Structure formats: structure tokens, C-alpha cells
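Okay, here's what each chain looks like letter by letter:
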Amino acid sequence: MRRFSPVIVSVVALGLALGLAGCSAGGGEAGDSSSAAREIDATAASGATVSGTGYSYSIPEGWAQADPSIAQGTDTVAVDQNPTGDFATNVNVVLSPAGEITPEQVETAAVKELEDGGGSDVTVLDRVVIAGGEAAHVGAQGKTSNGGTYRIQQYYPSHDGQTMVITFSYAEDVPSDEARGIAESVLASWTWK
């Protein structure tokens with residue numbers, strides 16, 4: 001597991017950067033609310049259940065939960081145990097230090113905050129529905145501590161006054177359809193406690 005920790009730490013830094021944006025984004029400008037958030041149409045992951053602070057989700061078969069202490073600030077971490085290269089696909093969840101952040105705040109602050117946190121090619125994507133609530137969705141590219149690159153997809157569902165920053169990280173060579181399938185299988189299993 002130790003060989004994957006630099007990757008996970010890099011991802012968490014991006015998540016924490018936007019988690020703090022809620023403090024400075026104020027009320028946020030209204031996003032494009034003319035289009036409804038997309039429902040996730042995926043079969044829920046069938047691996048182990050990971051429980052965090054107020055939520056749980058299932059991970060894909062072949063994944064394992066990791067000790068969140070390997071990446072400061074994470075609430076939960078899970079990693080693909082059978083990577084095809086030097087980078088293991090993973091998911092981590094960070095509780096926003098600012099409490100609840102609206103999708104508008106995320107979309108207004110995402111590019112600057114993620115770039116300031118080390119991300120590049122930041123893109124605000126269509127919102128999705130996670131466990132009955134609308135969540136912002138952002139994509140970006142990150143760098144590992146050894147200079148490699150990877151892709152991320154971040155989702156920001158909120159419940160009971162708390163936003164979760166869910167970050168999925170993939171090696172550059174993971175096809176987009178496969179990456180989306182992994183994320184959506186996990187998100188389809190998401191439940192609030």
C-alpha cells in the first residue's frame with residue numbers, strides 16, 4: 001500500500017483546496033440552472049462497503065479500503081489492488097472544512113481553487129444526482145510527487161449541512177468510459193447515514 005500514498009496525497013491536496021473555497025465564495029453566482037442534473041444510470045459497485053462520517057458506499061471488486069491516515073485530511077480512502085501500471089485508481093472522500101458548499105459556489109471557484117492546489121486543465125462538468133441530491137462535478141489533471149500526471153473527477157454532494165468532496169483518480173491511460181464507469185458504480189451505491 002505504501003507505494004500508492006504519494007498519489008493519494010496529491011489528490012487530497014486538490015480536494016482540500018476547493019473545500020476551503022466555500023469560505024471565500026460568498027453566496028456564489030447562480031450557475032446554469034436551465035439544465036437539470038443528470039441521473040446516474042449505473043449498476044452499483046459490488047465490492048466491500050466503506051463507511052465514513054455520515055455516509056457509506058461500495059467499492060468495485062478488487063479494491064480495498066486504505067487507512068485514511070496515509071493522506072492527511074481524508075475521511076475514507078479506497079484503492080484498486082490490481083493496478084496495470086505505476087498508478088492505482090483510487091477514491092478518497094474529504095469533508096469540506098467549510099461545511100456545506102453549494103454547487104454554484106463550487107462551479108464559481110473550481111478553476112482557480114484547483115489550479116492553486118496544483119491542478120490543471122480544470123473543467124466544470126454537468127451536475128449529477130447522488131443519493132437524491134444535486135452535486136457539482138469537476139474534472140482536472142493532477143501531478144504526483146514524482147512528477148507524473150493523472151486525471152481526476154470530483155463530485156460534491158451535500159447532506160445535513162456538510163459537503164463531501166469525492167475524488168476519483170486515474171492513470172492517464174485509463175479510458176474515459178472506464179473511468180466514468182468506475183466512478184458512477186461507486187456513486188450509484190452512495191447512501192447517507
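Here we summarise the structure given alongside this text. (Residues numbered from 1 in each chain as written. Predicted model: local features only at pLDDT ≥ 70, side-chain atom pairs only at ≥ 80, totals over all residues. Heavy atoms only, no water.)

1. Concerning helix H4 (residues 176-187)
Between its first and last C-alpha, H4 extends 16 Å over twelve residues, near the 16 Å set by a 1.5 Å rise per residue. Among all positions of H4, only Ala179, Ile182, Ala183, Glu184, Ser185, Val186 and Leu187 are buried. (Helix = DSSP H or I, 4+ residues; strand = E, 2+ residues; numbered from the N terminus. Expected span 1.5 Å × (residues − 1). Buried < 20%, exposed > 50% of the residue type's maximum accessible area, 1.4 Å probe, protein only.)

2. Things to note about the environment of Trp192
For Trp192, the location among the structural elements is in strand E12 (residues 191-192). It is 9.4 Å that separates the C-alpha atoms of Trp192 and Asp160, two residues lying 32 residues apart in sequence. The residues touching Trp192, leaving out its near neighbours within four places in the chain, are Gly54, Tyr55, Ile130, Ala131, Pro157, Ser158, His159 and Met164. (Contact = heavy atoms within 4.5 Å.)

3. With respect to the layout of surface pockets
Volume-wise, the largest pocket comes out at about 230 Å³. Lining the largest pocket are 14 residues, and of these Leu125, His137, Gln153, Tyr155 and Arg180 sit closest to its centre. It is H4 that provides the largest number of residues to the lining of the largest pocket, a total of six residues. (1 Å grid on protein atoms, 1.4 Å probe; cavity = no way out; pocket = protein on both sides within 12 Å on 5 of 7 lines; lining within 4 Å. Points joined across faces, edges and corners; volume = space filled by probe spheres on them.)

4. What to know about the sheet that holds E12
Two strands in a sheet stick together by hydrogen bonds in their backbones, pointing the same way (parallel) or opposite ways (antiparallel). With antiparallel pairing, the three strands of this open sheet are ordered in space as E2-E3-E12. The open sheet has two free edges, formed respectively by strand E2 (49-52) and E12, since each of these has just one partner strand. Pairing geometry for strand E3 (residues 55-58) and E12, over two bridges, is antiparallel. In the strand pairing of E12, Tyr55 is matched with Trp192. (Pairing = 2+ DSSP bridges.)

5. What to know about the packing of aromatic side chains
Following the criterion strictly, the structure yields six aromatic pairs and no others. Considering the side-chain rings of Tyr155 and Phe168, the 5.9 Å spacing of their centres and the 85° angle between planes classify their relative orientation as edge-to-face. Placement of the pair is Tyr155 in strand E9 (residues 149-156) and Phe168 in strand E11 (residues 162-171), with a sequence separation of 13 residues. Comparing Tyr155 with Phe168 shows no difference in burial state: the two are buried. Following the ring pairs from residue to residue traces out a cluster consisting of Tyr55, Tyr57, Trp190 and Trp192. (Phe/Tyr/Trp six-rings, centres within 6.5 Å; stacked < 30°, edge-to-face > 60°.)

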